[in-house]
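Read off the chains here:
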Amino acid sequence: MHTVAKLIDTTLCIGCKACEVACQTWNDQEFTLGTFDGSYQTLPDLAPNFWNLIKFNEFERGGKLSWLMSKYQCMHCVDPGCLRACPAPGAIVHLKNGIVDFNHDNCIGCGYCITGCPFDVPRLSPTTKKVYKCSLCSDRTAVGLEPACIKTCPTNCLTFGTREDLLEKAQSRTAELQADGVAAAGVYNPAGVGGTHVLYVLANAARPEDYGLPRDPSVPLAVRLWKGPVKWLGSLVVAGGILGAFFHYVRYGPKKEHADAE
Amino acid sequence: MTNGWTDVANADVVLVMGGNPAENHPVGFRFVMEARRKRKAKLVVVDPRFNRTATVADCFVPIRAGSDIAFLGGLIHYALSNDKFQAEYVRQHTNAAFLVKEGYGFEDGHFSGWDAEAKRYDKSTWAYEVDGQGYAKVDPSLEHPRSVFQLMRKHYARYTPEVVAAICGCTKEDFLKAAEMVTVAAANDKSGTVLYALGWTQHSHSVQLIHAAAVVQLLMGNIGMPGGGVNAQRGHANIQGSTDMGAWNMLPGYLKLPRANWATLDEYVKANTPKPLRPDSLNYWSNTSKFMVSLLKAYYGEKATAANGYGYNWLPKAGENDNHSWGFLFDRMHRGGMEGLISFGMNPVANGPNTEKMIGALSKLKWLIVAENFETETAAFWRARELADEYYPDSGEASKIQTEVFLLPAACFAEKDGAFVNSSRWLQWKEAAVDPPGEALRDQEIIARLFLKIRELNEKEGGAGAEPLRNMSWNYANPLSPSLVEVAREVNGRETGTLRQLNGFGELKDDGSTVCGNWLYSGSYTEAGNMMARRGQDDPTGLGLYPNYSWSWPANRRVLYNRASLDHEGKPWDATRAPIRWNGTRWSGDAADYKADAAPQAHGAFLMLPEGVAKLFTPDFAEGPFPEHYEPAESPVENALHPKVSFNPAAFVMDKLGAAAEFPYVGLTYRLTEHFHYWTKHIASSSELQSRFFVEVPHDLAVEKKIASGDMVRVSSARGKVEGPALVTKRIPGLKVSGKTVYQIGLPIHWGWLGKVTGPLINNLTASVFDPNSGTPEYKGFLVNLEKIS
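As the structure is a computational prediction, the values presented were derived from the model and not from experiment. (Residues numbered from 1 in each chain as written. Chains lettered and ligands numbered in written order. Predicted model: local features only at pLDDT ≥ 70, side-chain atom pairs only at ≥ 80, totals over all residues.)

## Things to note about the overall build of chain B
- When helices and strands are counted, chain B shows 21 helices and 33 strands.
- Its C-alpha radius of gyration of 26 Å places chain B within 12% of the 28 Å reference for a compact globule of 790 residues.
- A burial count over chain B gives 54% of its 790 residues as buried.
- Pairs at least 24 apart in sequence give 72% of the contacts found in chain B among residues at least 6 apart. (Helix = DSSP H or I, 4+ residues; strand = E, 2+ residues; numbered from the N terminus. Rg over C-alpha atoms; globule rule 2.2 N^0.38 Å. Buried ≥ 20, exposed ≤ 12 C-beta atoms within 10 Å, placed from the backbone. Contact = placed C-beta atoms within 7 Å.)

Here it is as structure tokens:
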């Protein structure tokens with residue numbers, strides 16, 4: 001089946017933060033005071049109740065001033081490090097449409113997913129002791145709606161579609177930019193995590209760190225081992241999960257199918 | 001906007017100056033991005049700050065606040081001296097060929113006619129040479145030394161790239177790069193748009209600044225063209241509507257305010273009906289009497305008759321030279337000359353210049369009525385000392401202030417129906433989403449209840465204004481709460497006999513047989529229904545005009561002056577981009593800015609003007625017929641063009657001014673994308689995005705003063721001070737102005753003493769200095785000092 005994706009064309013982002021408001025509003029996040037750290041950024045970093053952050057980066061290189069704005073959130077990896085690391089069955093769900101979703105009922109708050117994430121995205125809430133991040137609005141996509149951030153974006157910097165279509169769109173936009181003289185333009189879809197369901201068009205693809213993105217992300221070795229040589233341990237946990245699911249089935253009957261979006 | 005947001009996508013070059021649409025109009029900015037993608041349009045940003053619009057620009061030129069006319073004058077000079085203007089357009093559609101009277105001149109910063117004692121100009125020499133019939137003489141060759149064209153060329157000869165660079169603080173190379181990009185639009189098949197906002201309107205020379213932009217756009221042949229125009233990005237969902245419906249010097253539809261020297265309707269009409277200045281001028285303001293009589297019929301209904309001048313005598317009249325704009329109003333209040341103030345959707349303590357003066361003025365009132373969604377600083381002005389004692393230690397103690405304050409809870413925009421008029425002049429009807437909470441009432445209900453109560457008291461107890469109160473027409477189904485549909489129908493206008501809704505202002509009469517609340521809005525609510533509620537998305541011209549989406553004033557016209565998109569014979573300058581076409585008997589496409597069935601050669605292209613053509617040279621403004629660079633009232637440098645007349649001689653100054661020795665830096669106020677004015681500090685999500693007031697400090701100045709981001713700093717002016725953390729940035733570069741380094745301090749507005757987040761009011765710093773035409777305060781470019789506190 002087709003999987004879904006979000007394309008962020010950073011060359012069109014104006015840092016208006018409408019996506020931040022849409023994310024906070026759709027997810028019913030409580031009002032918290034932002035902090036001032038000498039930039040226009042709402043918060044210095046993502047937070048358990050703040051899943052979508054525009055990062056502002058002002059720098060001078062070769063006498064040329066740049067002020068980049070770039071949206072930061074869960075990348076929804078094809079090979080999610082968080083899922084590899086998670087010991088709690090059903091706490092992290094890789095939906096058929098590609099979305100990596102957290103099920104907080106099953107989250108045990110161990111924070112292993114934070115270690116597993118090469119993008120440093122999940123955040124542990126000190127109050128609920130559970131981990132939070134962007135769900136790519138799995139509740140909206142399940143009923144055929146685009147994610148809230150994409151719905152609200154005023155410059156069409158954000159688009160939603162199938163991963164195949166958006167990869168193609170990202171390539172053609174890159175070609176367009178290159179034809180316009182932006183020679184270093186390129187697509188960010190890092191291979192180290194098998195690619196992502198959040199894709200970027202960058203004006204300077206050689207320096208993703210200018211946009212706050214890791215240059216060459218991959219799942220940490222320890223996390224790979226966790227499901228490798230020490231797989232038996234994982235298997236035991238998984239077996240426990242299956243057994244648990246079996247008893248759950250016997251007691252409560254079949255679970256309804258995930259209404260995955262196309 | 002002469003054009004509209006959707007039309008910006010038709011541009012080949014976008015000049016953003018005095019505005020920052022990426023941050024302050026992000027939804028509209030998508031059309032800039034569309035122009036860039038679809039037409040490969042170049043984006044030129046000229047601003048003191050490398051702002052979020054500048055980050056996506058093809059060319060960014062940093063300039064000093066208040067130097068914009070020098071920059072635009074430089075563009076005019078560049079276009080004229082490099083033959084980069086649309087010569088045929090200029091010849092046919094502007095007053096370039098008109099001859100100016102002998103006696104006009106400009107010397108050492110003054111135009112002819114300066115009266116040093118009265119501090120104003122005698123404009124008699126700013127006029128055309130006329131023939132026996134009163135028509136202006138013209139020289140189509142444009143070579144006569146007194147032709148507007150030659151006078152303009154001479155006037156701007158001083159604005160060389162070197163002079164522009166020295167005044168603005170940019171480099172000559174940057175200026176020339178911008179000039180080259182902007183003047184690409186001189187080609188017949190290229191259009192350029194100009195987008196501006198408060199960065200242009202908040203100067204002591206703001207109207208002339210926009211005049212300068214109009215001159216540039218006329219030279220480029222961009223007025224009337226899709227993708228062209230002079231486009232004001234309005235800062236409030238309905239501020240365009242508020243201007244259209246009247247202001248301190250206007251009645252609805254830009255009809256002049258009645259004045260004491262026009263004692264009768266006839267005198268008013270005579271004084272406000274211009275005579276044509278060319279034989280082919282249609283001179284549409286010759287219809288003034290129809291607009292005015294229909295408006296009076298809307299005010300006074302059946303009581304307005306030919307015999308009583310349609311009730312003209314009942315209208316209040318200003319004195320011949322009275323000025324009731326903001327500065328004069330509050331100055332009078334501050335001197336104890338006013339009794340009360342009704343403040344609707346307005347927060348003078350927060351948004352007036354020199355906050356301490358505003359607080360002082362309000363404390364001299366007997367009563368103050370504030371109708372608002374929240375308790376504002378204005379409603380709580382009497383608590384200034386208690387709420388913000390670090391800024392107003394000398395303000396009166398609450399118990400000693402005698403002003404009686406009434407705070408009326410008012411519905412917010414989502415709790416009301418009615419129309420918003422956006423920057424594009426589109427009247428967009430909306431429905432109320434929810435009912436107002438608690439005791440909050442909709443504005444029209446508050447106004448109706450006040451009016452009916454005052455009328456009742458006046459009838460019982462007597463007093464001034466009995467006649468206008470008694471005769472005011474108030475025929476609403478529920479007089480206590482008129483529905484906005486009823487009001488909209490009245491504003492559109494109808495025949496008095498048949499009650500038929502009018503189709504447009506062409507049907508207005510001056511014999512009392514039509515009623516119309518605003519001639520410009522006539523056609524918005526016809527027998528066919530509420531045209532403002534339409535949401536059709538068809539685009540027959542392919543130019544993004546969307547004629548069936550909402551309704552645009554005037555006459556549903558999407559591109560003003562669209563007749564100028566064709567030459568005198570009716571041939572489009574650019575056949576791929578003609579908003580209107582003549583089929584031999586009628587005009588098609590956009591609603592033609594022309595007589596619907598008049599052949600192209602019949603009239604001049606600019607119907608509203610007595611000249612029939614656009615004005616490069618005009619006596620309309622207070623400080624000169626051509627825009628001239630003047631320094632702000634407080635400037636770090638002398639005017640390089642004429643040091644003896646550094647500042648706009650006609651501007652109004654009603655405040656103490658500081659000198660550069662004590663206040664060496666230039667302060668600029670601006671808005672952030674996260675907030676709307678002084679409202680959204682009451683809203684959770686906006687407050688979360690920008691919680692704290694901050695001061696943007698240029699990097700090199702911060703190094704000099706050992707200030708790091710996060711350090712607390714104090715910014716002070718001759719009026720007051722603000723304190724907050726510094727945000728050190730290279731985005732506001734130090735500029736070399738006439739050989740001297742000038743630093744500008746960035747001062748975002750939005751905070752105050754009340755709300756979910758609080759901070760100092762930025763207008764503690766600003767001065768009561770005003771543009772002489774618009775009465776707008778000079779919020780951009782005033783002198784401040786900067787100190788590190790901790």
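The discussion continues.
## What to know about the overall build of chain A
- Secondary structure summary: chain A contains 8 helices and 10 strands in total.
- Partitioning the intrachain contacts of chain A with sequence separation of at least 6 by distance along the chain shows that 62% fall at a separation of at least 24.

## What to know about helix α9 (residues 206-219) of chain B
Residues and elements named next belong to chain B.
- Taking 1.5 Å per residue as the helical rise, α9 with its 14 residues ought to reach 20 Å, and the 20 Å between its terminal C-alpha atoms agrees with that figure.
- For α9, the buried fraction is high: 14 of the 14 residues fall into the buried class.
- One or two residues past the end of α9 sits Gly 221, with phi positive at roughly 65°. (Expected span 1.5 Å × (residues − 1).)

## A word on the domain arrangement of chain B
Residue and element names in this part refer to chain B.
- Under the domain assignment used here, chain B contains domain 1 (6-235), domain 2 (250-322 + 425-557) and domain 3 (643-788).
- Computed over C-alpha atoms only, the centres of domain 1 and domain 3 are separated by 27 Å.
- Every contact between the two is made by 27 residues of domain 1 and, on the other side, 32 residues of domain 3.
- Of all elements in the fold, only α1 (21-24), β7 (120-121), α8 (198-201) and α9 reach the threshold of two or more residues within the side of domain 1 that touches domain 3.
- When the residues that make up the side of domain 1 that touches domain 3 are grouped by side-chain class, the tally is 9 nonpolar, 12 polar and 6 charged. (Domains from an automatic or database assignment. Nonpolar A, V, L, I, M, F, W, Y, C, P; charged D, E, K, R; others polar.)

## Observations concerning the interface of chain A and chain B
- On the side of chain B, 30 residues touch chain A, which itself brings 24 residues to the contact.
- For the side of chain A that touches chain B, the secondary-structure elements that each account for two or more residues are α1 (18-26), β2 (53-61) and β3 (64-72) of chain A.
- In terms of residues, the side of chain A that touches chain B owes the most to one element, α1 of chain A, which gives 5 residues.
- Here the side of chain A that touches chain B is built from residues that sort into 11 nonpolar, 9 polar and 4 charged.

## Examining the environment of Val 515 of chain B
All names here are of chain B.
- On the secondary structure map, Val 515 appears in strand β18 (residues 514-515).
- For Val 515, a count of 27 C-beta atoms within 10 Å corresponds to the buried category.
- Taking the C-alpha atoms as reference points, Val 515 and Leu 499, separated by 16 residues in sequence, lie 9.3 Å from one another.
- What Val 515 contacts, discounting residues up to four positions off in sequence, is Ser 294, Lys 297, Ala 298, Glu 490, Gly 493, Arg 494 and Thr 496.

## A look at the sheet that holds strand β15 (residues 418-421) of chain B
Residues and elements named next belong to chain B.
- Read across the sheet, 3 strands follow the order β15-β16-β21 without closing on themselves; strand pairing throughout is antiparallel. A single partner strand is all that each edge strand has here, and the edge strands are β15 and β21 (551-552).
- For strand β16 (residues 426-430) and β21, the ladder comprises 2 bridges, and the chain directions are antiparallel. The residue of β21 that forms the bridge with Trp 426 is Ser 552. (Pairing = 2+ DSSP bridges.)

## As for unusual backbone geometry
All names here are of chain B.
- Cis geometry marks the peptide bond from Trp 553 to Pro 554; its omega dihedral reads -10°.
- The phi angle at Asn 283 is positive, at roughly 55°, despite the residue not being glycine.
- Tracing the chain through its elements places Asn 283 in the loop between α11 (265-271) and α12 (288-300).
- Residue classification places Asn 283 among the buried residues on the basis of 21 C-beta atoms within 10 Å.

## Overview of helix α19 (residues 484-492) of chain B
All names here are of chain B.
- Among the residues of α19, Ala 488, Glu 490, Val 491 and Asn 492 are the ones counted as buried.
- Of the surrounding elements, those touching the buried residues of α19 are α12, β15, β18 and β19 (525-526).
- Once α19 finishes, Gly 493 follows within two positions and takes phi at roughly 105°, a positive value.

## Details of the pairing of strand β26 (residues 695-698) of chain B
Residue and element names in this part refer to chain B.
- Of the two faces of β26, both are covered, the one formed by Val 695 and Val 697 as well as the one formed by Glu 696 and Pro 698.
- For β26 and strand β28 (residues 721-729), the ladder comprises 4 bridges, and the chain directions are parallel. Opposite Pro 698, over in β28, you have Thr 729 as the bridge partner.

## Some details on the sheet that holds strand β13 (residues 367-372) of chain B
All names here are of chain B.
- If you trace the 3 strands from one edge of the open sheet to the other, you get β12-β13-β14, paired in parallel fashion. This sheet does not close on itself; its edge strands, each paired only once, are β12 (340-344) and β14 (404-409). For this sheet, the mean inter-axis angle between neighbouring strands, taken without regard to orientation, is 10°.
- Pairing of β12 with β13 involves 5 bridges; the strand directions are parallel. Within the sheet, the bridge partner assigned to Ile 342 lies in β13 and is Ile 369. (Axes fitted to C-alpha atoms, helices over the stretch in contact; angles between N-to-C directions.)

## Regarding the confidence of the model for chain B
- Chain-level statistics for chain B give a pLDDT mean of 96 and a share of 100% at 70 or above.
- On the interface metric, ipTM, the complex scores 0.89, and its pTM is 0.94. (pLDDT = per-residue confidence, 0-100.)

## Some words on the nonpolar core
Residue and element names in this part refer to chain B.
- Formed by 178 residues in total, the largest nonpolar core has its most connected members in Val 14, Val 44 and Ala 213.
- The biggest single contributor to this core is α9, with 10 residues.
- Sequence-distant contacts of Val 14, defined by excluding residues within four places in its chain, comprise Val 8, Val 32, Ala 35, Ala 41, Leu 43, Val 44, Thr 193 and Leu 195.
- Within the second largest apolar cluster, 73 residues are counted, among which are Tyr 665, Val 695, Val 713 and Val 737. (Core = buried A, V, L, I, M, F, W, Y, C linked by C-beta atoms within 7 Å.)

## Thoughts on the packing of helix α3 (residues 68-81) of chain B against helix α6 (residues 161-168) of chain B
Residues and elements named next belong to chain B.
- Where α3 contacts α6, the axes come no closer than 9 Å and their chain directions differ by 165°. With respect to α6, the axis of α3 lies roughly antiparallel. Two packed elements cross with a definite hand, and for α3 against α6 that hand is left-handed. Contacts between α3 and α6 involve Ala 70, Phe 71 and Gly 74 from the former and Pro 161, Val 164, Ile 167 and Cys 168 from the latter.
- When the residues that make up the contact of α3 with α6 are grouped by side-chain class, the tally is 6 nonpolar, 1 polar and no charged. (Parallel < 35°, antiparallel > 145°, perpendicular 65-115°, else oblique. Left-handed = near helix turned anticlockwise from the far one by under 90°.)

## Describing the environment of Val 164 of chain B
Residues and elements named next belong to chain B.
- Note on placement: Val 164 falls in helix α6.
- Classification of Val 164 as buried rests on a count of 29 C-beta atoms within 10 Å.
- In this structure the C-alpha to C-alpha distance between Val 164 and Asn 518, which are 354 residues apart in sequence, comes to 43 Å.
- Setting aside residues no more than four positions away along its own chain, Val 164 makes contact with Ala 70, Phe 71, Gly 74, Tyr 159 and Phe 175.

## Considerations on the environment of Tyr 678 of chain B
All names here are of chain B.
- Of note, Tyr 678 is situated in the loop between β25 (665-670) and α20 (684-689).
- Note on Tyr 678: 24 C-beta atoms within 10 Å, which makes it buried.
- For Tyr 678 and Ile 454, which are 224 residues apart along the polypeptide, the C-alpha to C-alpha distance reads 31 Å.
- If we skip the residues at most four places from it in the chain, Tyr 678 touches Asn 347, Ala 350, Asn 351, His 750 and Gly 752.

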